[in-house]
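So the chains spell out like this:
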Amino acid sequence: MDKFQIVGVGYGCVDKICMVEDFPVEDSSTHITSRVIQGGGAVATALVAVARLGVPCAFIGNIGNDMMSDEVVRQFKEDGVCTDYMVRRDDCYGLESIVMVNPESGSRTKFPQRDFNPPITWDQGLKDVIRDAKILHLDGTHYENAINAARIAKEYGTLVSLDGCSMQKDNEKNKALATLADILIMNAKYPLRVSGKETYDEALLEMATWGHKSIIGCTLGDKGSKFVIDGKVVNFPSYKAQKVVDTTGCGDVFHGSFLNAYVSGMDLETCIRFASATACCKCAMPGGRAGIPTRETVLKMIRE
């Protein structure tokens, strides 16, 4: 069995990204000027960033026997993510997401298909993939898969990384999963909702006490990011993109490039700069994956 430094369990889909003439208000219409089809999903795109930047990784999950499932697998393979642990099942289906991109700002509005696939059956072979990895990366979209995978990782001493993006209505579930994370990096909505605090600084300092956190922070788009370092919240600026075509996948790419830098031995502040620079580069092309740069490009950017 191959060993991978990073393995992921979470949302993987096909993104249908539509560039529109102008962004519509409710109960109106607009024209699609162009369309791009790429692989998408929080953990899935993070793993593509991991692979493209030079670290071996694998995706674990159920997949169907339909055409959409075939496309999800094909795009993973094309980007160098191992699909050997994606289990084909007749009772599963491939997921898709519709994304509308605002031409004025490059911001995107997503309509992801809900993942109603049955939970992963954790045989010893799949458990061993987590056992042999350095990091398990999760997004929490399919809660049962995420919580079970996190518990397996804890049993074997594998670090748990959680992309704090997908929230359950029952906030106790969110807290339980966040507590299991050793590396917890969240989007702008997650820390305030899950912690119940009014400010990001209060939320991060509170959540840093949940479980045994190695790293905790949140990303705030073009406002940069915040991380707890030595018991204090430190602000990090974002890199400024020369041209923002599409912000789809920026957070996912931040996660994947951060983990890539982390397992490569970079210190925390360099990991943050590396991830921010990679996410910035991604904005120059439509979709979550096409714009992910090479490792050399990112290293040159952070040196300058």
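Residues numbered from 1 in each chain as written. Predicted model: local features only at pLDDT ≥ 70, side-chain atom pairs only at ≥ 80, totals over all residues. Heavy atoms only, no water.

## Quick notes on the environment of Val14
And step 1. With respect to the secondary-structure elements, Val14 resides in strand E2 (residues 13–20).
And step 2. Considering only alpha carbons, one finds Val14 and Ser34, 20 residues apart in sequence, at a separation of 16 Å.
And step 3. Beyond its immediate sequence surroundings of up to four residues, Val14 is in contact with Ile37, Gln38, Gly39, Gly40, Met68, Glu71, Val72, Leu95, Glu96 and Ser97. (Helix = DSSP H or I, 4+ residues; strand = E, 2+ residues; numbered from the N terminus. Contact = heavy atoms within 4.5 Å.)

## A short note on the pattern of salt bridges
And step 1. What the rule picks out here adds up to 11 salt bridges.
And step 2. Here Arg131 and Asp128 are joined by a salt bridge, their closest N and O atoms 3.2 Å apart. With Arg131 and Asp128 both in helix H3 (residues 124–132) and 3 residues apart, the pair spans about one turn of that helix.
And step 3. Measuring nitrogen to oxygen at the nearest pair gives 2.9 Å for the salt bridge that ties Arg131 to Asp132.
And step 4. The class of Arg131 is partly exposed, set by a relative accessible area of 38%.
And step 5. One network of salt bridges, in which partners are shared, links Glu71, Arg74 and Glu78. (Salt bridge = Lys/Arg side-chain N within 4 Å of Asp/Glu carboxyl O. Buried < 20%, exposed > 50% of the residue type's maximum accessible area, 1.4 Å probe, protein only.)

## Some remarks on the sheet that holds strand E3 (residues 32–40)
And step 1. Reading across from one edge, E3-E2-E7-E8 is the order of the 4 strands in this open sheet, with mixed pairing throughout. Looking at the sheet topology across the chains shown, the edges are occupied by E3 and strand E8 (108–112). Pairwise comparison of adjacent strand axes, ignoring direction, gives a mean angle of 20° for this sheet.
And step 2. Here 7 bridges tie E2 to strand E7 (residues 95–101), and the two strands are oriented parallel to one another. Across the sheet, the residue bridging to Val14 is Glu96, located in E7.
And step 3. Here helix H2 (residues 67–78) sits on the sheet and contacts E2, E3 and E7; the angle it forms with E2, its principal contact strand, is near 90°. (Pairing = 2+ DSSP bridges. Axes fitted to C-alpha atoms, helices over the stretch in contact; angles between N-to-C directions.)

## Overview of the environment of Leu126
And step 1. Among the structural elements, Leu126 can be located in helix H3.
And step 2. Judged by its relative accessible area of 6%, Leu126 falls in the buried class.
And step 3. Separated by 167 residues in sequence, Leu126 and Pro293 place their C-alpha atoms 31 Å apart.
And step 4. Setting aside chain neighbours within four positions, we find Leu126 in contact with Ile60, Tyr85, Ile120 and Thr121.

## Quick look at the side chain of Ser276
And step 1. Mapping Ser276 onto the fold places it in helix H9 (residues 268–282).
And step 2. Excluding residues that lie within four positions of it along the chain, Ser276 makes contacts with Pro237, Ser238, Tyr239 and Phe254.

## Thoughts on helix H7 (residues 200–207)
And step 1. Residues of H7 that are buried: Ala203, Leu204 and Met207. Down the axis of H7, the buried side of the element spans an arc of 95°, and every buried residue falls inside it. (Arc of directions from axis to C-beta.)

## Observations regarding the packing of aromatic side chains
And step 1. For the structure shown, the criterion picks out 5 aromatic pairs.
And step 2. For the ring pair Phe59 and Phe76, a centre distance of 5.0 Å and an interplane angle of 35° mean the geometry is tilted. Taken together, the positions of Phe59 in strand E4 (residues 57–59) and Phe76 in helix H2 put the pair 17 residues apart, joining distant regions of the chain. Of the two residues examined, Phe59 and Phe76, each falls in the buried class.
And step 3. The interplanar angle of 10° and the centroid separation of 6.5 Å between the aromatic rings of Phe258 and Tyr262 together place this pair among those described as stacked. Pair noted here: Phe258 and Tyr262 are both in helix H8 (residues 250–263), with a separation of 4 residues, about one helical turn.
And step 4. By relative accessible area, which is 28% here, Tyr262 ends up partly exposed.
And step 5. Site record: aromatic cluster; members linked through ring pairs are Phe227, Phe236, Phe258 and Tyr262. (Phe/Tyr/Trp six-rings, centres within 6.5 Å; stacked < 30°, edge-to-face > 60°.)

So, to be careful, I would describe these as geometric facts and stop short of saying anything about function.
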